[in-house]
Every structure is written in C-alpha cells, then in structure tokens.
Amino acid sequence: PDGTVWSFKLRKGARFHNGELVTAEDLLFSLTRSVDLGDVPEAATPTNKVEGRQISKTEITGLDEITITFKTPYAGALVWRSDGHAGNLRMNILPAKLLGEPYDKTEAAYEKLPIGAGPMKMTSRSPGQSMSFERFEDYYYQPKYGAPEDRRARFKFLDLHLVPELSTRVAALRAGQADLVESAEAVRGQVEGAGGRMIYAKEASYVSLMLLGCWRPEVRCFDKRVRQALDYAIDREVILKTLYTPESYAMAGWTFVTPGGIGYTPAIKPVPFDPQKARDLLAAAGYKVPGAAAGKEFGTIVINAWNAGDVAFIPDMAQLVAESWRKELGIDAKVQVTDRTLITQRWIAQQLVDHIRLEVNEARWDGTTIVQSRYNDFKNAQRVSEDPELARIIQEAFKVVDPDKRHDAMAKVYPVLQAEHHALPLGHTNLPWAASKRVLEWQPLSAAAFFNAHWTVRLAQ
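Calculation notes
Residues numbered from 1 in each chain as written. Predicted model: local features only at pLDDT ≥ 70, side-chain atom pairs only at ≥ 80, totals over all residues. Heavy atoms only, no water. Helix = DSSP H or I, 4+ residues; strand = E, 2+ residues; numbered from the N terminus. Contact = heavy atoms within 4.5 Å. Areas by Shrake-Rupley, 256 points an atom, 1.4 Å probe, with all protein chains shown as cover. Lys, Arg positive; Asp, Glu negative; His and termini not counted. Charge placed at Lys NZ, Arg CZ, Asp CG, Glu CD. Pairing = 2+ DSSP bridges. Axes fitted to C-alpha atoms, helices over the stretch in contact; angles between N-to-C directions. Phe/Tyr/Trp six-rings, centres within 6.5 Å; stacked < 30°, edge-to-face > 60°. Buried < 20%, exposed > 50% of the residue type's maximum accessible area, 1.4 Å probe, protein only. Lys NZ or Arg CZ within 6 Å of the ring centre and 35° of its normal. Salt bridge = Lys/Arg side-chain N within 4 Å of Asp/Glu carboxyl O. Arc of directions from axis to C-beta. Left-handed = near helix turned anticlockwise from the far one by under 90°. Nonpolar A, V, L, I, M, F, W, Y, C, P; charged D, E, K, R; others polar. Core = buried A, V, L, I, M, F, W, Y, C linked by side-chain atoms within 4.5 Å. Right-handed = clockwise from strand over helix to strand, strands pointing away. Polar contact = N/O pair within 3.5 Å; in protein donor to acceptor, adjacent residues only side chain to side chain.

Draft legend 1. Spatial organisation of the overall build of the chain. Along the backbone of the chain there are 14 helices and 17 strands. Seen along its three principal axes, the alpha-carbon backbone of the chain occupies a region of about 75 × 55 × 40 Å. For the chain, the proportion of contacts with a sequence separation of at least 24, taken over those separated by at least 6, is 67%. Put simply, the chain shows about 21800 Å² of open surface, and 52% of that area lies on carbon and sulfur atoms. Across the chain, the centroid of the 57 positively charged side chains sits 1 Å from that of the 57 negatively charged ones.

Draft legend 2. Examining the sheet that holds strand S3 (residues 65-70) more closely. Spatially, three strands are ordered S1-S3-S2 in an open sheet, and the strand pairing comes out antiparallel. Edge positions in the sheet fall to strand S1 (5-9) and strand S2 (55-62), since each of these pairs with one other strand and no more. Neighbouring strand axes in the sheet, compared pairwise and without regard to direction, differ in orientation by 20° on average. The pairing of S2 with S3 spans six bridges and is classified as antiparallel. Residue isoleucine 55 lies in a different strand from S3, and its bridge partner there is phenylalanine 70. Against the sheet, helix H1 (residues 24-35) engages S1, S2 and S3, with an angle of about 170° to S2.

Draft legend 3. Expanded view of the packing of aromatic side chains. The final tally for this structure, using the stated rule, is 10 aromatic pairs. Look at phenylalanine 70 and tyrosine 74: their rings are 5.5 Å apart centre to centre, the planes differ by 55°, and that puts the pair in the tilted class. A residue is classified by how much of its surface remains accessible, and phenylalanine 70, at 3% relative accessible area, is buried. Put simply, the rings of Tyr206, Trp254, Phe256 and Tyr414 touch in pairs and so form one group of aromatic residues. It is arginine 151 that lies over the ring of tyrosine 141; its NZ or CZ is 4.4 Å from the centre.

Draft legend 4. Focus on the pairing of S3. For S3, the buried fraction is high: five of the six residues fall into the buried class. Here five bridges tie S1 to S3, and the two strands are oriented antiparallel to one another. What sits directly across from serine 7, in S3, is threonine 67. Here S2 folds back onto S3, and the loop between the two strands holds two residues, one of which, aspartate 64, carries a positive phi near 60°.

Draft legend 5. Layout of the pattern of salt bridges. A full pass over the atoms with the stated rule returns 28 salt bridges. Taking the shortest distance from any N to any O, the salt bridge between lysine 57 and glutamate 59 comes out at 3.6 Å. Taken together, the shared-partner salt bridges in this structure form one network comprising Glu134, Arg135, Glu137, Asp150, Arg152 and Lys156.

Draft legend 6. Highlighting helix H5 (residues 166-174). Along H5, the positions that sit buried rather than exposed are Arg169, Val170, Ala172 and Leu173. Down the axis, H5 shows its buried residues gathered within 155° of arc, on one side only. Against the buried residues of H5 lie strand S9 (180-182), helix H6 (188-193) and strand S15 (423-435). The first or second residue beyond H5 is glycine 176, which carries a positive phi of 80°.

Draft legend 7. Seen up close, the packing of helix H8 (residues 236-243) against helix H10 (residues 314-329). Where H8 meets H10, the closest approach of the two axes is 10 Å, and the angle between their N-to-C directions is 145°. Every pair of crossing elements has a handedness; the one defined by H8 and H10 is right-handed. Contacts between H8 and H10 involve Val238, Ile239, Thr242 and Leu243 from the first element and Asp316, Met317, Leu320 and Val321 from the second. Of the residues belonging to the contact of H8 with H10, the class tally is six nonpolar, one polar and one charged.

Draft legend 8. Local environment of the sheet that holds strand S6 (residues 120-126). The three strands are arranged S6-S7-S8 in an open sheet whose pairing can be described as antiparallel. The sheet is open, and its two borders are formed by S6 and strand S8 (157-161), each paired with just one other strand. The sheet shows a mean angle of 20° between the axes of neighbouring strands, taken without regard to direction. Sheet analysis places S6 next to strand S7 (residues 130-135), joined by six bridges and oriented antiparallel. Across the sheet, the residue bridging to arginine 125 is methionine 131, located in S7.

Draft legend 9. Spatial organisation of the nonpolar core. Ranked by internal contacts, the top residues of the largest apolar core, which has 92 residues, are Leu209, Ile303 and Trp325. Take this core: its biggest share by element is eight residues, from H10. Ignoring sequence-local partners within four residues, the contact set of tryptophan 325 consists of Leu209, Leu230, Ala233, Ile234, Ile301, Ile303, Gly330, Ile331, Ala333, Ile356 and Leu424. Of all hydrophobic cores here, the second largest spans 10 residues; its members include Val187, Val191, Met198 and Ala434.

Draft legend 10. Up close: the pairing of strand S13 (residues 332-337). By the bridge criterion, six bridges tie strand S12 (residues 300-305) to S13 in an arrangement that is parallel. What sits directly across from isoleucine 301, in S13, is alanine 333. A crossover links S12 with its parallel partner S13, the connecting element being H10, and its sense is right-handed.

Draft legend 11. Main features of the side chain of asparagine 361. Mapped onto the fold, asparagine 361 is located in strand S14 (residues 356-362). Under the relative-accessibility criterion, asparagine 361 is labelled buried at 12%. With residues up to four places along the chain from it excluded, the contact list for asparagine 361 reads Ser205, Tyr206, Arg340, Ile370 and Arg374.

Draft legend 12. Up close: the side chain of aspartate 26. Here aspartate 26 shows up in helix H1. Buried charge aspartate 26 goes without a salt bridge, the closest partner of opposite sign being lysine 97 at 8.9 Å. Engagement of the side chain of aspartate 26 in a polar contact is seen with the backbone nitrogen of threonine 23, the distance being 3.0 Å. Filtering out sequence-adjacent residues up to four positions away, aspartate 26 remains in contact with Phe16, Leu21, Leu94, Pro95, Ala96 and Lys97.

Take a look at the structure:
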C-alpha cells in the first residue's frame, strides 16, 4: 500500500528459446544483475546506479514470484521493468544457467547467440551489422497458456540491418530488400516513387539544452536569472522553420514531457522568445548585455553536441542557439561537436561543469525514471539539481502508485521542474520512417522511441 514493496509473478508457460522453463531463480538473477553492478562493467550506467540505490532487498517470495523492496515509495517501479520504458529495457529476463553452467561462465557464449523468452528468437548475429530472428512458436502469450489472445508473430522471419547511410537504406527499400527504414523528408519523392510511403513515429525523441553543474554556487547558472535569460533568448521558431517540417518536428511540452506522456498538459510548453526580457534578466544577474555599459563580462559558454542518428541537424540546431545568444545577449557562445560517448564520459566525470549539453534522448510515456536520476538522486553523476525542495515535491508524487491518479500527480511536478530552467527544451522529433508497398499497416506507438510492438505491422501476403 505504501508503494515500497512490489511483487512480480511469472506467467504460465514462459520458456526460454532453448526450451527451458523460466524460473523464479532466473527472474531474481536477471533483476539482481540489472542493478547490482558487481563484476559486470557494461551494466555500470548512471541509470543502473540510480535504480540500485533505491532498492533495499530482492527475494523469492513464492512459487514463480519475486519481491522487490524499495527504501522509499517509487511509482516508477513497474514501468521501469516493462515494454513501456523508453530506454534500454532494465528487466530483460536472462537464464541464470546456460548449457548447465552458471551464467557468468558462459557469458561469452550468450553474447554470440543471446537467449531470451520473447516472441522472436535470434538465429544469427553479426555485431555492428545485422541480426536475424525466427518466430518462437512456444511464446508464452497465447491462449494455451491462459493468455487472452495469441500474440505470436504472424511472420516467420525478421532481419534487422544496421545501415548508417540514408541513401543506402532508401535504395534497399526501392529494390525490395527492406520493408521499414529510418528515413527523412529529403527522400520522400524517392520513397513514394517506388510505391512506398512515409510513416511518422510520433514523439520519438526530445531535444533540450542541459545546463550542467548549476547547483554549485561558483557556476554562472547557479543564478536562476541566468538560466531564465538563456531560455528566453532562444528563437525556437527559427530553428523549426530553418531545419525541419511540421510533420517531422514539433515544439510542444518540456524536454521529455511530450503530449503522449503521463503528466503532460497543454500548459507545459517552451517559454516564448523574448529578447528584452532575457537581457533584463541577465543584467539583473550582474552581467553586461547589449545596449548597457555596466556589468561584468559573461565570458564564453560552450554547447557540447554530436551528430545524432535519431534527430537530424543537431549541430546546426546548436549553431542557431549560439547565434541567438550572441545576438540577443552578447554572449560568446561556441559549439563543440564531438562524439556522444566522449561527451557522456566527460559529463559523468564532472568535466563539463558550467558547460551546456545539447541532449538528444528518447521521449517517454512515463518520465519517472529520468525525474529520479536528474532531480531526486544527489549521488547521480548526471543530476542537474541538488534542490531539496524539488526533491520533496518529487517524492510526494512518487508515493502515488495508483495508475489512475499518477497523471495528476506528475502534472503537478513538471511545471515546478520547468520553472527552474535547468533544462531548456528545443522540441521533439516525429521520427520519419519509410515503408515499402508490402507494408499494409503500421501504427508506431507515441512516445516510444524504438521499433517495438512489431505485431502491429501487417504485411501483404
């Protein structure tokens, strides 16, 4: 009742792709591995650490059942372990033993040909190039195991190919070698000329500017007026009209809070472009602005960006923001385009304090996990705030675990976070996909960044 204890029970008939039944031991092993870093360095992400710090114990509490006890109420516990989570799933169920041996002794074998319990089983894998799957006939979500419907895939095989070049992807679509490819407005004519069509995955990714280290008194953005000034000095309409189309990009919501997410209301929207207000705020913070002789020099501010795969023109967007700040505030704003991994590593190592990170991340139906990691866990290397009052408001919302009441609870939190201007939203992308003429129907889920719910794809026979 207080939201600290969550029990999970296995469905009947759940089997791994090698035919073995999924057990509570597998469930406990998978859960523990996902949050207990131990000797698994690849699991050592800041998000995993945030999750692990919230858990006091995990245990098998019944037949095919495990229970997780959290230190404080945590409404996001369920979505964190579901297909509803935007990021990499945190509760992939792995076999505790492979080939009769403990998992850690055969992890290398698992990496070559992973075994899961989902609707498609992997048949081959070429790292960085392709993965091939075959329908798993004994998938548990079917009537013979007590499920209300048959969710086994209607197609036999699925091939996924990593093709970085857009032109190559489109050529494969036109040649009948691919049915769904990530696309762009620039190739609409080629797609439609081959009998295909464009499909938009609504609210796939959001883009925002993250001000780093602002809880430190010595950092410029510690002063809320500085954060506000930077926000009001961004001409978002210029960004939209210069780089995107209304179909592929939208200015709505606030960072990860898009219209498809719980807690969104129309009142949550980017601040208007108001250069004079921005100058007044920066001057009130003691800095020199255009048209005024008094004030100290603001100095250089650096926007760290990368070429994102899911959102086009990110470096160009960063340049437009920098131009706005130079023009409206007289700030020496610079853009540094490097590798995403390098930026993240430097951020975690606290080497980007007083910098700005242009964040491109998955939109999400439930933003609980990112709220926890950014605003409510002061040990997290990727936090943006250490404000105890914000943490208190968040913790109150996390106590509301009733699904029917969670929207209202989070709708009270988001305007408070937005008003602090630690993250300056730049909108979200509606990711364009190109579908071949074989695809009769596909309705991608809103606020779901990845190609999921594949059973909704209907192909021509």
